[in-house]
Amino acid sequence: MIEFDAETAAILERAYRGRDFVRRRHANIAALQPTPGARLLDIGCGTGLMLAELSGAVGPDGHVTGIDLSEDMLERARATCEGLPNVTTRIAAADALPFDDATFDGIVSVQVFEYLGDLSPALAECRRVLKPGGRLVIGDMHFDTLAWHSDSPARMQAMVDAWDGHFADRAVPAGLLPRLRDAGLRHVESRPVTFVDTEGRPDGLARMMSILMPAFARSRNAMPEEEIAAWEAEQARLVASGGYFFCFTHVITVAEAI
């Protein structure tokens, strides 16, 4: 798993303000359907950008709570939400939510469930703290949808295989539906949000992954250094020559508490 220290948090925060992540964030918010006065929970709130937007959506009569396991992330979230009295943050885990039953009208969690070895305890906790009819939105990448061009498919596959070591489940959206049902949640819909980048945009999802993936591979000695360096050089060359291509799908799964 990636250590979400201050350096990683800074990389993520820069990316999260880019166009790809703004679009992803807004798509998840739209699926959550926040209303004035609602009480909402963001599981894995990260740097707090979604908290700030949800704060405006629920208004002064509503409240938004953000939880995360990283104190570095929570420090950034608190800074992002400074001056917003209807936002609170705390350290907590998705599978041990420190809230009373039927507390929230809605829960959103983006790129968190892929880090959980067992989704069932977290889903059971979401159902417990949701009010009847409350909405759960889980947004995760389906890593089987990744198409990333390389003149060396074997080296690209080695990098993707190394990256697989940073999470517990590479295909969360595909396995969610029966687990939702078992937890007492009704599947409403699954919405795709697809990202295509042919430029290697500096503020894009692909650019963020181009930084994090080789760093993770190096930290785990998952690939020879010469192969990692060659991967980085090739991607830079493809950007410069106009041969770059990246396509990836984020899936938003929407459910309701029965």
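See the structure above.
Residues numbered from 1 in each chain as written. Predicted model: local features only at pLDDT ≥ 70, side-chain atom pairs only at ≥ 80, totals over all residues. Heavy atoms only, no water.

Q: Help me out: how do you make sense of the packing of helix α6 (residues 153-163) against helix α9 (residues 225-241) in this one?
A: To characterise two packed helices, one gives the angle between the axes of the helices and the distance between these axes. Relative to each other, α6 and α9 sit at 110 degrees, their axes nearing to 10 Å. In terms of axis orientation, α6 runs roughly perpendicular to α9. Between α6 and α9 lies a crossing of left-handed hand. Residues Arg155, Met156 and Met159 of α6 touch α9, and the partners they reach there are Glu227, Ile228, Ala230, Trp231, Glu234 and Gln235. (Axes fitted to C-alpha atoms, helices over the stretch in contact; angles between N-to-C directions. Helix = DSSP H or I, 4+ residues; strand = E, 2+ residues; numbered from the N terminus. Parallel < 35°, antiparallel > 145°, perpendicular 65-115°, else oblique. Left-handed = near helix turned anticlockwise from the far one by under 90°. Contact = heavy atoms within 4.5 Å.)

Q: Quick question: what am I supposed to make of the side chain of Arg24 here?
A: For Arg24, the position within the fold is in helix α2 (residues 19-32). Glu114 provides the closest opposite charge to the buried, unpaired Arg24, separated from it by 7.3 Å. If sequence neighbours within four positions are ignored, Arg24 has contacts with Tyr16, Val110, Gln111, Met141, Phe195 and His250. (Buried < 20%, exposed > 50% of the residue type's maximum accessible area, 1.4 Å probe, protein only. Lys, Arg positive; Asp, Glu negative; His and termini not counted. Salt bridge = Lys/Arg side-chain N within 4 Å of Asp/Glu carboxyl O.)

Q: Explain the pairing of strand β4 (residues 104-110) here, please?
A: Across the seven residues of β4, six count as buried, placing the element largely inside the fold. Where strand β1 (residues 39-43) lies against β4, three bridges are found, and the strand directions are parallel. Bridge pairing in β4 places Leu41 opposite Ile107. As judged from the six bridges shared by β4 and strand β5 (residues 130-141), these two strands associate in the parallel manner. The residue of β5 that forms the bridge with Val110 is Gly139. What joins β4 to β5 is helix α5 (residues 119-129), and the crossover it makes is right-handed. (Pairing = 2+ DSSP bridges. Right-handed = clockwise from strand over helix to strand, strands pointing away.)

Q: Whenever I open this one, the environment of Glu225 confuses me. Can you help?
A: Relative to the elements of secondary structure, Glu225 occurs in helix α9. A relative accessible area of 42% places Glu225 in the partly exposed class. A sequence separation of 15 residues divides Glu225 from Ser210, and the C-alpha atoms of the two residues are 15 Å apart. In this structure the side chain of Glu225 is engaged in a polar contact, spanning 2.8 Å, whose partner is the side chain of Arg218. (Polar contact = N/O pair within 3.5 Å; in protein donor to acceptor, adjacent residues only side chain to side chain.)

Q: Can you help me understand unusual backbone geometry in this one?
A: Of all residues except glycine, most have a negative phi; of all peptide bonds, most are trans. Positive phi outside glycine occurs at Gln33, with the angle close to 55 degrees. Topologically, Gln33 is positioned in the loop between α2 and β1. Phi is positive for Ala102, close to 55 degrees, though the residue is something other than glycine. Relative to the elements of secondary structure, Ala102 occurs in the loop between β3 (87-91) and β4.

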